[in-house]
Amino acid sequence: MRPLGASATPDSGGVVGKNWEQELIAKAEQRTALIGIVGLGYVGLPLAAEMAEAGFKVLGYDVSRRVVDTVNKGVSHILDVPSERLARFVKAGLITATDDEGRLSEPDLVAIAVPTPLSKTRDPDISYVLSATQAVARHLRAGQAMVLESTTYPGTTRDLMLPALEKSGLKVGVDFFLAFSPERVDPGNQRFQTRNTPKVIGGITPACTRVVTALYAPAIETMVPVSSPEVAELTKLLENTFRAVNIGLVNEMAIVCDKLGVDVWEVIDAANTKPFGFMKFTPGPGVGGHCIPLDPHYLAWKMRALNYRTRFIEVAGEVNSQMPEFWVDKVVHALNQQSKAVRGARILVIGIAYKKDIDDIRESPAIDVVRLLQEQGGQVSYHDPFIPEFKEDGILLSSVPLDAATVRAADCVVIVTDHGTVDYAMVGREARALVDTRHAVADRAKH
Ligand SMILES: NC(=O)c1ccc[n+]([C@@H]2O[C@H](COP(=O)([O-])OP(=O)(O)OC[C@H]3O[C@@H](n4cnc5c(N)ncnc54)[C@H](O)[C@@H]3O)[C@@H](O)[C@H]2O)c1
């Protein structure tokens, strides 16, 4: 253990015994704090941009050389951060990226936004958080604040990060500060972005919450301090479980209505006229992305360890993951109506990304739809303006242009993702058979 009063890392001047809380809050107010961001992806890069917009200097750290190089050239790999905006910050010296781990001792605040996927057995894969924490811990100095932004199971900040950081001999809440603050970014959302989405912060100690809140406040409009990291961790899991369960419910309602011969969208629109006690969710091909299909399993896994089965999560996961099969059955039916089999049929899939107007195919239900159709011998092509090439699960396809001729040439068209750029009226007019998992054609016709 390092003796109190000694410099924690002499080169960076992290002196123990100073009033670091006051110093960091003052640096936040004066925008002189250096903001470090570990992981420059869908979450990290927009956060870097907001911090720079607020006037902070940002040092991004990423293990990917490609990411570091493109960011330093002012070229953005994330749609929500246009390259012109990033280039402006890079040119002004406000954003720099590095893969040099040693530089992690420089920032006053280090926000960690690395992936938290599931393993093949659907258990949390916490290895990225672990290795990012170890990298930060190796260079920890007094006077630094750490924030975990990655979605994870409750207890990660206190049980996994804190012991690794405390090995330095520094004291949390005094010499360094640690909090969890879930990122709530919704890629492609034009109305709510990092800046105007309230930010929940739960520190290990009240001083941790105060310091981290002060450091984010210049960049985020509304701060929501909570009493502990566990509250913040569970807030994110509740939000995403709420979505997964409600999407599961409405998908089940789609199956129910189908069996009863009732239009589920008409039912939902009618229910949505109730001014209280109902929140509109719409059915679709299933769930995708890095959050909704994965995050609830972090909670389920944690609860299994405590001998409790989270039944809503299980049922929602089951229903949502069956939706590609439900829609593929609709394609089989539509082809049958034309006395055709799937084998040899030309099937055009519109939209491969997991949701509208983004270029992310992670966990996209379209992957299952394409796979199931190909397994039955369908000749699948696709159109997606955001995904020029689609390489997944042994599938290799390139996006075809969307015009009346391509639509007419298909025996069946399946709309999986309702990108805003598609002419749905044309698709509705020209398609010989149409399976519309998003109700895109009818919805556009209404407006
Ligand atoms: N994408 C979203 O919409 C979204 C929304 C809310 C929360 N989240 C959560 O945020 C976290 C990050 O997700 P993302 O979508 O930004 O991931 P991403 O894959 O887009 O980006 C992660 C980045 O971290 C880098 N990285 C990996 N390990 C690293 C390490 N040890 N050190 C430094 N860099 C490392 C990768 O190279 C990559 O550039 C996840 O926990 C996710 O659940 C994501």
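Residues numbered from 1 in each chain as written. Predicted model: local features only at pLDDT ≥ 70, side-chain atom pairs only at ≥ 80, totals over all residues. Heavy atoms only, no water.

1. Quick word on the overall build of the protein
This is how it is decided: A helix here means a DSSP run of H or I that spans at least four residues, while a strand means a run of E at least two residues long, and both kinds are numbered starting from the N terminus. The globule rule is 2.2 Å times the number of residues to the power 0.38, and the radius of gyration it is compared with is taken over C-alpha atoms. Remark: exposure states derive from per-residue accessible area (1.4 Å probe, protein chains only) relative to the maximum for the residue type, with buried under 20%, exposed over 50%, and partly exposed in between. Whether two residues touch is decided by their heavy atoms; if any such pair falls within 4.5 Å, the residues are in contact.
Along the backbone of the protein there are 15 helices and 14 strands. Here the protein has a C-alpha radius of gyration of 24 Å; the compact-globule value for 447 residues is 22 Å, and the two agree. Counting over 447 residues, the protein shows a buried share of 52%. The long-range fraction of contacts in the protein, counting pairs at least 24 apart against all pairs at least 6 apart in sequence, stands at 70%.

2. Topic: helix α9 (residues 264-271)
Rules: This arc describes the spread of directions from the helix axis toward the C-beta atoms. Two N or O atoms form a polar contact when they lie within 3.5 Å of each other; inside protein one atom must be a possible hydrogen donor and the other a possible acceptor, and for residues adjacent in sequence the pair counts only when both atoms belong to side chains.
Those residues of α9 not exposed but buried are Val 264, Trp 265 and Ile 268. Taken end-on, α9 shows its buried residues confined to a sector of 95°, consistent with a single buried face. For α9, the N-terminal cap is Asp 263; the gap from its side-chain oxygen to the backbone nitrogen of Trp 265 is 2.9 Å.

3. Remarks on the site of the ligand
Rules: Proximity criterion: a residue is near a molecule or strand once any of its heavy atoms comes within 4 Å of it. Each accessible area value is a Shrake-Rupley result obtained with a 1.4 Å probe; residue values ignore everything except the protein chains displayed when judging cover.
The immediate surroundings of the ligand are formed by 26 residues, with Tyr 42, Val 43, Asp 62, Thr 116 and Thr 151 found nearest. Within the backbone of Thr 151, an N or O atom sits 3.0 Å from an oxygen atom of the ligand. Note that an oxygen atom of the ligand is positioned 3.3 Å from one of the side-chain N or O atoms of His 290. Against a free-state accessible area of 840 Å², the protein chains account for coverage of 91% of the ligand.

4. Digging into the confidence of the model for the protein
We apply this condition: Known as pLDDT, the predictor's confidence for each residue is given on a scale from 0 to 100.
Averaged over the protein, the pLDDT score is 94; the fraction of residues at 70 or greater is 96%. Segment residues 1-12 is flagged for pLDDT under 50; beyond a separation of four residues in sequence, or across chains, it makes 23 contacts in the model.

5. Quick notes on the sheet that holds strand β14 (residues 434-436)
This is how the line gets drawn: Strands are labelled as partners when DSSP assigns at least two bridges between them. Helix axes are fitted only over the stretch in contact, all axes being lines through C-alpha atoms; the angle between N-to-C directions runs from 0 to 180 degrees.
Overall, parallel pairing links the four strands, which are arranged β10-β9-β13-β14 in an open sheet. The open sheet terminates on both sides in strands that have one partner only, identified here as β10 (379-383) and β14. Each strand of the sheet is rotated relative to its neighbour by a mean of 20°, with strand direction disregarded. Sheet analysis places strand β13 (residues 412-415) next to β14, joined by three bridges and oriented parallel. Counterpart to Ile 415 in the pairing with β14 is Asp 436. Against the sheet, helix α11 (residues 311-337) makes contact with β9 (346-350), β13 and β14, and its axis sits at roughly 160° relative to β14, the strand it touches most.

6. Overview of the packing of aromatic side chains
Threshold: Whether two aromatic rings pair depends on their centres lying within 6.5 Å, for rings of Phe, Tyr and Trp, where Trp uses its six-membered ring; planes under 30 degrees apart make the pair stacked, over 60 edge-to-face, and the rest tilted. Charge-over-ring placement is defined geometrically: NZ (Lys) or CZ (Arg) within 6 Å of the ring centre, and within 35 degrees of the ring normal.
The final tally for this structure, using the stated rule, is four aromatic pairs. With centroids separated by 5.0 Å and ring planes inclined at 85°, the aromatic side chains of Phe 326 and Trp 327 adopt a geometry described as edge-to-face. Above the plane of the ring of Phe 56 lies Arg 31, whose end atom (NZ or CZ) is 6.0 Å from the centre. Over the ring of Phe 89 we find Arg 88, and its NZ or CZ is 4.9 Å from the ring centre.

7. Some thoughts on the sheet that holds strand β2 (residues 57-61)
The strand order across the open sheet built from eight strands is β3-β2-β1-β4-β5-β6-β7-β8, with neighbouring strands paired in mixed fashion. Lying at the two open borders of the sheet, with one neighbouring strand each, are β3 (95-98) and β8 (223-226). Going from strand to strand, the sheet's axes swing by 25° on average, the running direction of each strand aside. Packing of helix α7 (residues 206-216) onto the sheet brings it into contact with β4 (109-112), β5 (144-148), β6 (176-180), β7 (199-203) and β8, and relative to β7 it is tilted by some 150°.

8. Here we look at the packing of helix α8 (residues 229-260) against helix α10 (residues 295-305)
Where we set the bar: Left-handed describes a crossing in which the near helix is turned anticlockwise from the far one by less than a right angle; the clockwise case is right-handed. Basically, the charged four are Asp, Glu, Lys and Arg, the nonpolar ten are Ala, Val, Leu, Ile, Met, Phe, Trp, Tyr, Cys and Pro, and anything else, Gly included, counts as polar.
Packing of α8 against α10 brings their axes to within 8 Å, and their N-to-C directions diverge by 115°. In this structure, the crossing between α8 and α10 has a hand that is left-handed. Judged by residue contacts, Leu 234, Lys 236, Leu 237, Asn 240, Thr 241 and Ala 244 of α8 engage Asp 295, Pro 296, Tyr 298 and Leu 299 from α10. Considered class by class, the residues forming the contact of α8 with α10 number six nonpolar, two polar and two charged.

9. As for the pattern of salt bridges
Formally: What counts as a salt bridge is simple: a side-chain nitrogen of Lys or Arg found within 4 Å of a carboxyl oxygen of Asp or Glu.
All told, the structure shown has 28 salt bridges when counted by the stated rule. A salt bridge links Glu 314 to Arg 309, with the shortest nitrogen-to-oxygen separation between them at 3.0 Å. Here Arg 432 makes a salt bridge to Asp 411, at a shortest N to O gap of 3.4 Å. Taken together, the residues Arg 432 in the loop between α14 (424-430) and β14 and Asp 411 in the loop between α13 (404-409) and β13 connect sequence positions 21 residues apart. Overall, Arg 432 belongs to the partly exposed group, its relative accessible area being 43%.

10. Details of the nonpolar core
To keep it simple, the criterion reads: We call a set of buried Ala, Val, Leu, Ile, Met, Phe, Trp, Tyr and Cys residues a nonpolar core when their side-chain atoms join them within 4.5 Å.
Ranked by internal contacts, the top residues of the largest apolar core, which has 80 residues, are Val 38, Met 51, Ile 95, Ile 112, Leu 178 and Tyr 216. For this core, the element with the most residues is α7, which contributes seven residues. Those residues in contact with Met 51, other than ones at most four positions away along the chain, are Ile 35, Phe 56, Val 58, Leu 109, Leu 215, Tyr 216 and Ala 219. Among the nonpolar cores identified, the runner-up in size contains 44 residues, and Ile 292, Tyr 354, Ile 361 and Ile 387 belong to it.

11. Side note on the packing of α11 against helix α12 (residues 365-375)
To keep things clear, this is the line we draw: Here is the rule for angles: anything less than 35 degrees is roughly parallel, anything more than 145 is roughly antiparallel, 65 through 115 is roughly perpendicular, and the remaining ranges are oblique.
At a closest axis distance of 9 Å, the pairing of α11 and α12 adopts a crossing angle of 45°. It follows from the interaxial angle that α11 and α12 lie oblique. Considering the relative orientation of α11 and α12, their crossing is right-handed. On α12, the residues that touch Pro 324, Glu 325, Val 328 and Val 331 of α11 are Pro 365, Asp 368, Val 369, Leu 372 and Leu 373. In terms of residue class, the contact of α11 with α12 is built from seven nonpolar, no polar and two charged.

12. As for unusual backbone geometry
Phi at Arg 122 is positive, roughly 65°, even though this residue is not glycine. Within the secondary structure, Arg 122 is located in the loop between β4 and α5 (127-138). A relative accessible area of 37% places Arg 122 in the partly exposed class. Although it is not a glycine, Glu 363 sits at a positive phi angle of roughly 60°. Take Glu 363: it is sitting in the loop between β9 and α12. A relative accessible area of 39% places Glu 363 in the partly exposed class.

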